[in-house]
Amino acid sequence: MSVTQQQVLDSLSRIKSPRGVALTNANVLSAISASDGKVFFSINVDAPEARAWEPVRAAAEAAVRAIPGVTTVMVALTAERKPGSAPPPPPPSRGAPGVQPAHAHRPPQGGASPMSRQSEIPGVAAVIAVASGKGGVGKSTTALNLALGLRDLGLKVGLLDADIYGPSMPRLTGLREKPALNDERKMIPLRRFGLAIMSIGFLVEEETAMIWRGPMVMSAVTQMLRDVEWGTLDVLVVDMPPGTGDAQLTLAQNVPLKGAVIISTPQDLSLIDARRGLAMFRKVNVPVLGIVENMSYFQCPHCGTKSDIFGHGGARHEAEKLGVPFLGEIPLHMAIRATSDAGSPVVDSEPDGPHAAIYRAIAGQVRDRLKGVIAAA
Ligand code: ADP
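Note that this is a predicted model, so its numbers are computed, not measured. What you see as residue numbers is a count from 1 along each chain, following the sequence as written. pLDDT decides what is reported in this predicted model: residues at 70 or higher carry local features, side-chain atom pairs at 80 or more are listed and counted, and totals for whole chains, interfaces and linings draw on all residues regardless. Computation of side-chain values covers all heavy atoms of the structure but excludes hydrogens and water.

## Section: the overall build of the chain
Part 1 of the argument: Secondary structure elements are defined from DSSP: runs of H or I of at least 4 residues count as helices, runs of E of at least 2 residues count as strands, and each element is numbered from the N terminus. For the chain, the count of helices and strands is 12 helices and 13 strands.
Part 2 of the argument: Counting all 377 residues of the chain, 54% fall into the buried class.
Part 3 of the argument: Note on contacts: a residue pair is in contact if any heavy atoms of the two residues lie within 4.5 Å. The contacts in the chain between residues at least 6 apart in sequence include a share of 75% that link residues at least 24 apart.
Part 4 of the argument: Accessible surface for the chain amounts to roughly 15200 Å². Of this, 54% is attributable to carbon and sulfur atoms. Relative accessibility thresholds used throughout: buried, under 20% of the residue-type maximum; exposed, over 50%; partly exposed, between the two (1.4 Å probe, protein chains only). Surface exposure here means Shrake-Rupley accessible area, sampled with a 1.4 Å probe, where a residue is shielded only by the protein chains that are shown.

## Let's talk about helix α1 (residues 5-12)
Part 1 of the argument: Within α1 the residues assigned to the buried category are Val-8, Ser-11 and Leu-12. Taken around the axis of α1, the buried residues stretch over an arc of 100°, which confines them to a single face. What the arc covers is the set of directions going from the helix axis to the C-beta atoms.

## A few points about the site of the ligand
Part 1 of the argument: For each residue, the test is whether any non-hydrogen atom lies within 4 Å of the molecule or strand; if one does, the residue is near. Close to the ligand lie 17 residues, the nearest being Gly-138, Lys-139, Ser-140, Thr-141 and Pro-331.
Part 2 of the argument: In the analysis that follows, any N or O atom pair within 3.5 Å is treated as a polar contact, provided that within protein one partner can donate a hydrogen and the other can accept it, and provided that, for residues neighboring in sequence, both atoms belong to side chains. Residue Pro-331 places a main-chain N or O atom 2.8 Å away from a nitrogen atom belonging to the ligand.
Part 3 of the argument: In isolation the ligand has 560 Å² of accessible area, and contact with the protein removes 85% of it.
Part 4 of the argument: In terms of residue count, the dominant contributor to the shell around the ligand is helix α9 (residues 334-341) (4 residues).
Part 5 of the argument: The nonpolar class holds Ala, Val, Leu, Ile, Met, Phe, Trp, Tyr, Cys and Pro. Asp, Glu, Lys and Arg form the charged class, and all remaining residues, Gly among them, are polar. Class assignment for the residues of the shell around the ligand results in 6 nonpolar, 7 polar and 4 charged.

## Re the pairing of strand β9 (residues 233-239)
Part 1 of the argument: Judged by how many residues are buried, β9 sits mostly within the fold: 7 of 7 residues are covered.
Part 2 of the argument: When DSSP finds two or more bridges between two strands, those strands count as paired. Bridging between strand β5 (residues 124-132) and β9 involves 6 bridges; their strand directions are parallel. Residue pairing for β9: Val-124 is matched across the bridge by Leu-233.
Part 3 of the argument: Across 5 bridges, strand β6 (residues 157-161) lies against β9 in parallel orientation. Within β9, the residue paired with Leu-160 across the bridge is Val-238.

## Focus on the pattern of salt bridges
Part 1 of the argument: The working definition used for a salt bridge is a side-chain nitrogen of Lys or Arg within 4 Å of a carboxyl oxygen of Asp or Glu. Under the counting rule described, the total for this entry stands at 17 salt bridges.
Part 2 of the argument: Of the charged contacts, one joins Glu-61 and Arg-65 as a salt bridge, the two residues approaching to 3.6 Å between their closest N and O atoms. One end of the pair is Glu-61 and the other is Arg-65, both in helix α2 (residues 50-65) and 4 residues apart, which spans about a single turn.
Part 3 of the argument: Each of Glu-54, Arg-57, Glu-61 and Arg-65 takes part in salt bridges that share partners, so that together they form one network.

## Notes on the confidence of the model for the chain
Part 1 of the argument: Every residue is assigned a pLDDT by the predictor, reflecting its confidence on a scale from 0 to 100. Residues with a pLDDT of 70 or more make up 84% of the chain, whose mean pLDDT is 82.
Part 2 of the argument: Segment residues 82-117: pLDDT under 50, and 72 contacts once partners within four positions in sequence are set aside and those in other chains are kept.

## Digging into helix α3 (residues 139-152)
Part 1 of the argument: For a helix, the expected span equals 1.5 Å multiplied by the number of residues minus one. With 14 residues, α3 should reach 20 Å at 1.5 Å per residue; the first-to-last C-alpha distance of 20 Å fits that figure.
Part 2 of the argument: Taken across its 14 residues, α3 has 12 buried, putting it largely inside the fold.
Part 3 of the argument: Along α3, the residues that are buried comprise Lys-139, Ser-140, Thr-141, Thr-142, Ala-143, Leu-144, Asn-145, Leu-146, Ala-147, Leu-148, Gly-149 and Leu-150.
Part 4 of the argument: Gly-154 sits one or two residues past α3 and shows a positive phi near 95°.

## A word on the UniProt feature "binding site: ATP" (unreviewed entry) in the chain
Part 1 of the argument: UniProt positions are given in the numbering used here, feature names are shortened, and annotations may be inferred rather than shown by experiment. UniProt annotation of "binding site: ATP" (unreviewed entry) refers to Gly-133, Lys-134, Gly-135, Gly-136, Val-137, Gly-138, Lys-139 and Ser-140 when read in the numbering used here.
Part 2 of the argument: Along the polypeptide, Lys-139 turns up in helix α3.
Part 3 of the argument: If sequence neighbours within four positions are ignored, Lys-139 has contacts with Val-130, Ala-131, Ser-132, Asp-163, Asp-239, Met-240, Pro-241, Pro-242 and Ile-263.
Part 4 of the argument: Here the side chain of Lys-139 touches Asp-163 through a polar contact of 3.3 Å, side chain to side chain.
Part 5 of the argument: Tracing the backbone through its elements, the reader meets Ser-140 in helix α3.
Part 6 of the argument: The residues touching Ser-140, leaving out its near neighbours within four places in the chain, are Asp-163, Ser-168, Met-169, Leu-172 and Asp-239.

## A short note on the packing of α1 against α2
Part 1 of the argument: For the pair α1 and α2, the least separation of the axes is 9 Å and the interaxial angle reads 130°. As the angle between them shows, α1 and α2 are arranged oblique. With respect to the hand of their crossing, α1 and α2 are arranged in right-handed fashion. When α1 is examined against α2, the residues Val-8, Ser-11 and Leu-12 are found in contact with a partner set consisting of Ala-60, Ala-63 and Val-64. To get an axis, fit a line to the C-alpha atoms, keeping to the stretch in contact for a helix; angles then go from 0 to 180 degrees between the N-to-C directions. Relative orientations are named as follows: roughly parallel for angles under 35 degrees, roughly antiparallel for angles over 145 degrees, roughly perpendicular for angles from 65 to 115 degrees, and oblique for any other angle. Helix crossings fall into two classes, left-handed where the near helix is turned counterclockwise from the far one by less than a right angle and right-handed where it is turned clockwise.

## Some points on unusual backbone geometry
As a rule of thumb, non-glycine residues mostly have phi less than zero, and peptide bonds are mostly trans rather than cis.
Part 1 of the argument: The phi dihedral of Asp-36 falls on the positive side, at around 60°, and the residue is not glycine.
Part 2 of the argument: The backbone phi angle of Asn-285 is positive, close to 60°, even though this residue is not glycine.
Part 3 of the argument: Mapped onto the elements of the fold, Asn-285 is located in the loop between α7 (268-283) and β11 (288-299).
Part 4 of the argument: For Asn-285, a relative accessible area of 43% translates into the label partly exposed.

Following this line, the structure appears as C-alpha cells:
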C-alpha cells in the first residue's frame, strides 16, 4: 500500500503546534518525501524555540507511523539561529535525538573536551570517522573495506553512511531493503558481510531531491546514530560527508568520535584538502588516527606493473611533515572499482588477494591506535 503526501499532511493537521495553530499551518514543514512506505520530512524552527518543538517532532513521527502502509518515518527537527540573535543554551543531553541547533558548530569553549558534550552510544566502544577534504577520492570505498578489514581482525563492526549528500552504501553493498523497527521503535541496521550497516540511502530514494541545510545534516545523522539499534560493537565506522564545511565541522564536533582517518589522493589539490580535514578534526580535539593515500599508484590489471601517474608518495610525505601517522597506500586498480561498484567489496570478495591485504594492514594500524578504547570496552 503506498502512502501519499496528502495522507501525511492529514495526519499532521491533527497535531497542535506551540504556535497555537495546527502543525500544517505553522509554516515550519519542509517538503514531504513519501514513497514506498518511507516518509521523510523536517520541521524547521528558530533555535530558541527548538526545545518546545521536540514533543511536536515526536508526536508527528508517531502520527505518521500510525498511517497504514508506513514502514519507516524520519522526522528531523532543525533549528536555525537568526543572524544576530543570542545562541540558545545547549541541549540538556546529547542523547536526545532530533534537535541540533545551528550554533552547534561553534568551537569548543572553556578548554573542555568536546567529548564531555557528547554522550557515548550505548554498546559501541569506539566511533571513528572516515573523512576526505573533497568528494571522489574513494572515501566510501575505503570506509567499507576498512570496516571489513577490522571485521577480519575479529572485531564487531558497524558502518554508518553519514554522507547524506550522496549515500553510496546501497551501491557499495547491494543493500536496498528498508530497515525494520524493533519494539522500542528503533531502526534495526541492515546486515551484510558481517557488518551492521545504516545509510540514509536505505530510507529515501536515491533520486529523491533532498536539499540539506546545515542543521538538517546533523539532525539526520544524529537519528541514524542514536535511533538505531547498533547492538554491541567494537568499532562503528562513520563515512562522513566529503569536505570541511560547517556541516562536517558540526558532525566532527557532535558525534562522539574516538578518532578520524583521512583519505587523500596523491594530487596536490587533494592534499591541500586533506590538510583542511586534519585542521578541522584538530580544532574539535578529535585525534587523527592517520592518513590513507588512495589511488596512490596505478597497477595494471594485466601485468601488475606499477606506474606512479599521480606522483605517488605525496600523502606519506605530507603526513610526516604534519606529524600524523601514515596508514598506507591503496593502488588505483580495476578490481577495487569493479568489486565496489558491483556491491561486493574487494576485502570480502577477494579475501586472499593483494588489495584485501592492504586494507587489512591499514585496519590493523587503526585497531592498534584504538586499542585502549576497544580493550576498555
Ligand atoms: P567518495 O566516497 O570519496 O566520493 P567513492 O568511494 O564513491 O568516493 O569512489 C569513487 C569512485 O572511485 C568509485 O567508482 C570507486 O569504485 C572508485 N575507487 C575508489 N577507490 C579506488 C581504487 N583504489 N581503485 C580504483 N577505483 C577506486
